[in-house]
Amino acid sequence: MALSNRAAIVLAAGMGTRMKSATPKVLHKVAGIPILAHVLAAARGAGAGRIVVVTAPAQEDVRSFAKAQGAETAIQERQLGTGDAARAAASALADFDGVLIVTYGDHPLFLAETFAASFAAQEKTGMAIVAFESQGKAYGRVLTDADGLLDRIVEYKDASAAEREITLCNAGILAADAKEFFRWAANLGNDNAQREYYLTDIPALAKKDGVACAIVTADEAQMQGVNSRAELAAAEAAMQTRLRSRALDAGVGMVAPETVFLSADTVLEEDVQIGPFVVFGPGVTVRKGAEIKSHSHLEGAVVEAGAIVGPFARLRPGAQIGAGAHIGNFVEIKKAVVEAGAKANHLSYIGDARVGAGANIGAGTITCNYDGFDKHFTDIGAGAFIGSNSALVAPVKIGDGAFVGAGSTIAKPVAGDALALTRAEQKTSPGWAKEFRTRKKAERAERSKK
Ligand code: UD1
Ligand code: MG
């Protein structure tokens, strides 16, 4: 629930040059949505009623994405460090009275629970940071005092050999009273190894004012930041692990979860069964007891209870598969409603269409929905039977219970319960094949004599 006295500042002004990409780093996707969208969702999940995303001047794309997601934006003119970036949000939050967290836009695995724990700890002590145990990476080191509160954070580059031995590391999340925070941020100096204004120096300034800083601990799995393509892939892998275990916990059956790819918004209800190597793009809902067999690809689709999809099926945006319907191998469904109990089991393309309840779509049936300029609709009535290898040239309507003979090309309406057949009439010549073989063999024998 969004609270008016909680805010978040999300730092995203880094240029992300190591990504070697025209796309800004925080707009690269993890589990189907931009990295920044994960952070915004987690901040919102922890109750942040206002979110300010700090961007570099050139990052117009990041600002428009953030605004579209309901966040505010600020510009850090020059990249002078994380502390300087956080204070760039001061004017946006000038009228804000409450607690804020500062966090990073390039850390897609931060959990709402971690942000919420930071808000809660701040309430008790006045300030909180998040720390985690890690071996040997170049993170800031967290020094504690006798009471287990924060003494100070020392950046790796500024740390002594002894300080570098410390395994408690700074995650980069800080919670503080907003008014106090901006006052301390204005007083930051840059007398350090990187000549930067460090966010991590804020707790020491607070301490001088008698404000203690609590340490919230979180696991290292949340800490994967993204600076390169390899780290993006690592974040994706970590996110997939998280999404798979959530699905398993929610009662989804997966024989090989490590081969199933999920999107952040994939909805899988209890007793859904997923085979190996299934890919869920964004916007998929699969309801109770439905089964998605191996090697299927789904995107923007709804699969109702008890339906069976795959193996090797493709559901594209707008596919709605009704209860108990069957979509089989090498069947592609796009923007089409397949009503309850209907079947398209082999080798078909069904696009811009309705397939009525209980209809049977034969192997190789194609809805010819596109004339090179526009898309047209195919309406197939309930209980209709479409024979194999039929082409349905849209716009066209097949009535309830109608029958289309195999191999037909249907371009005119077919009334309910009628038979439509466009196949050329069959001609059979008795004995022709035998005569043909005899003649050919004789010709060959004649030639070999010469
Ligand atoms: C920071 C922390 C370090 C912590 C680590 C965790 C500081 C000084 N150090 O180090 O203690 O262990 O994160 O990952 O905070 N950014 C801006 N403007 C700037 C500089 C950075 O917006 O001028 C943004 C970046 O886009 C990024 C985030 O702040 O999203 C963190 O910056 P980064 O340079 O990666 O900090 P680290 O050196 O990793
Ligand atoms: Mg970093």
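Residues numbered from 1 in each chain as written. Chains lettered and ligands numbered in written order. Predicted model: local features only at pLDDT ≥ 70, side-chain atom pairs only at ≥ 80, totals over all residues. Heavy atoms only, no water.

Peer 1: Outline the site of ligand 1, listing residues and values.
Peer 2: Of all residues adjacent to ligand 1, which total 20 residues, the nearest are G14, Q76, T82, E155 and N170. A distance of 3.1 Å separates an oxygen atom of ligand 1 from a polar side-chain atom of Y104. With respect to ligand 1, the backbone of G140 contributes an N or O atom lying 2.9 Å from an oxygen atom. Against a free-state accessible area of 760 Å², the protein chains account for coverage of 82% of ligand 1. Among the secondary structure elements, those contributing two or more residues to the shell around ligand 1 are α3 (82-87) and β10 (168-177). Along the lines of polarity and charge, the residues of the shell around ligand 1 split into 9 nonpolar, 9 polar and 2 charged. (Near = heavy atom within 4 Å. Polar contact = N/O pair within 3.5 Å; in protein donor to acceptor, adjacent residues only side chain to side chain. Areas by Shrake-Rupley, 256 points an atom, 1.4 Å probe, with all protein chains shown as cover. Helix = DSSP H or I, 4+ residues; strand = E, 2+ residues; numbered from the N terminus. Nonpolar A, V, L, I, M, F, W, Y, C, P; charged D, E, K, R; others polar.)

Peer 1: For the environment of F330, give the residues involved together with the corresponding values.
Peer 2: One can find F330 in strand β23 (residues 326-338). Linking F330 and A112, residues 218 residues apart in sequence, is a C-alpha distance of 40 Å. If we skip the residues at most four places from it in the chain, F330 touches P311, F312, L347 and S348. (Contact = heavy atoms within 4.5 Å.)

Peer 1: Account for the pattern of salt bridges, with residues named and values stated.
Peer 2: Per the counting criterion, the structure on display carries 19 salt bridges. As a salt-bridge pair, R287 and E304 come within 3.4 Å of each other at their nearest N and O atoms. Linking R287 in the loop between β16 (285-286) and β17 (291-292) with E304 in the loop between β19 (301-303) and β20 (308-309), this pair joins segments that are 17 residues apart in sequence. We classify R287 as partly exposed; its relative accessible area is 30%. Look at E304 and you get partly exposed, because its relative accessible area is 29%. Among the salt bridges present, the one from K397 reaches D379, with a minimum N-O distance of 3.2 Å. (Salt bridge = Lys/Arg side-chain N within 4 Å of Asp/Glu carboxyl O. Buried < 20%, exposed > 50% of the residue type's maximum accessible area, 1.4 Å probe, protein only.)

Peer 1: Could you give an account of a positive patch on the surface, with specific residues and numbers?
Peer 2: On the surface, K434, R437, K441, R444, R447 and K450 cluster together into a positively charged patch. Tracing the sequence through the fold places R437 in helix α9 (residues 432-449). Judged by its relative accessible area of 47%, R437 is partly exposed. (Patch = residues over 30% accessible without salt bridge, like charges linked within 9 Å, V, L, I, M, F, W, Y side chains within 5 Å. Lys, Arg positive; Asp, Glu negative; His and termini not counted. Charge placed at Lys NZ, Arg CZ, Asp CG, Glu CD.)

Peer 1: Give a detailed account of helix α1 (residues 35-45), specifying residues and quantitative values.
Peer 2: Note: α-helices contain 3.6 residues per turn, so residues at a spacing of three or four share the same orientation. The element α1 is largely enclosed, with a buried count of 8 among its 11 residues. All buried positions along α1 are accounted for by I35, L36, A37, H38, V39, L40, A42 and A43.

Peer 1: Can you lay out the environment of T103 for me, pointing to particular residues and giving the numbers?
Peer 2: Inspection of the secondary structure puts T103 in strand β6 (residues 99-104). Residue T103 is classed as buried on the basis of its relative accessible area, which comes to 0%. Along the sequence, T103 and P311 sit 208 residues apart, while their C-alpha atoms lie 43 Å from each other. Excluding its chain neighbours within four sequence positions, the residues that come into contact with T103 are I9, V10, L11, V39, F110, F115, G172 and I173.

Peer 1: Account for the side chain of D352, with residues named and values stated.
Peer 2: Considering the arrangement of structural elements, one finds D352 in strand β24 (residues 343-355). Within the structure, D352 has its side chain in polar contact with the side chain of N369 (distance 2.6 Å). Residue contacts for D352: discarding those within four places in its chain leaves K334, K335, A336, N369, K375, H376, F377 and T378.

Peer 1: Describe the packing of aromatic side chains, and please don't skip the residues or the numbers.
Peer 2: If you walk through the whole model with that rule in mind, you get 6 aromatic pairs. Taken together, a centroid distance of 4.9 Å and an interplanar angle of 85 degrees make the contact between F132 and Y139 edge-to-face. According to the relative accessible area criterion, Y139 is partly exposed, its value standing at 23%. Seen in terms of ring centroids, F312 and F330 are 5.3 Å apart; in terms of plane orientation they differ by 20 degrees. Their pairing is stacked. Here F312, found in the loop between β20 and β21 (314-315), pairs with F330, found in strand β23; they are 18 residues apart in sequence, far enough to count as distant. Over the ring of Y156 we find R164, and its NZ or CZ is 4.2 Å from the ring centre. Here the guanidinium or amino end of R244 rests over the ring plane of F261, the centre of that ring lying 5.2 Å away. (Phe/Tyr/Trp six-rings, centres within 6.5 Å; stacked < 30°, edge-to-face > 60°. Lys NZ or Arg CZ within 6 Å of the ring centre and 35° of its normal.)

Peer 1: Give me the domain arrangement of the protein: which residues, what numbers.
Peer 2: Under the domain assignment used here, the protein contains domain 1 (3-223) and domain 2 (245-420). At the junction of the two partners, domain 1 supplies 5 residues and domain 2 supplies 5 residues. When domain 1 packs against domain 2, close to 290 Å² is buried across both sides, 66% of that on carbon and sulfur atoms. Taken together, domain 1 and domain 2 are joined by 0 salt bridges. Tallied by class, the residues present in the side of domain 1 that touches domain 2 amount to 3 nonpolar, 2 polar and no charged. (Domains from an automatic or database assignment. Buried area = accessible area lost by both parts, 1.4 Å probe.)

Peer 1: Report on the nonpolar core, specifying residues and quantitative values.
Peer 2: Nonpolar side chains in soluble globular proteins generally cluster together in the buried interior. Core analysis: the biggest nonpolar cluster contains 57 residues, and I274, F280, V303, L315, I327, I333 and I398 have the highest contact counts within it. At the level of elements, α8 (229-249), β19, β22 (319-321), β23, β24 and β30 (396-398) are the ones that each hand at least two residues to this core. Residues lining this core come from more than one domain, with at least three contributed by each of domain 1 (3-223) and domain 2 (245-420). If we skip the residues at most four places from it in the chain, V303 touches T285, V286, R287, A290, I292, L298, V309, L315 and I321. (Core = buried A, V, L, I, M, F, W, Y, C linked by side-chain atoms within 4.5 Å.)

Peer 1: How would you summarise unusual backbone geometry if you had to cite specific residues and measurements?
Peer 2: The linkage connecting G310 with the following residue, P311, adopts the cis geometry, with an omega of 0 degrees. Of note, P311 is situated in the loop between β20 and β21. The residue after A394, namely P395, is reached through a cis peptide bond having omega 0 degrees. Looking at where P395 falls in the secondary structure, it is placed in the loop between β29 (391-393) and β30. Phi at A31 is positive, roughly 50 degrees, even though this residue is not glycine. Within the fold, A31 resides in the loop between β2 (29-30) and β3 (33-34). For A31, a relative accessible area of 2% gives the class buried. Residue H295 is not a glycine yet carries a positive backbone phi of 60 degrees. Among the secondary structure elements, H295 is positioned in the loop between β17 and β18 (297-298). The class of H295 is partly exposed, set by a relative accessible area of 38%.

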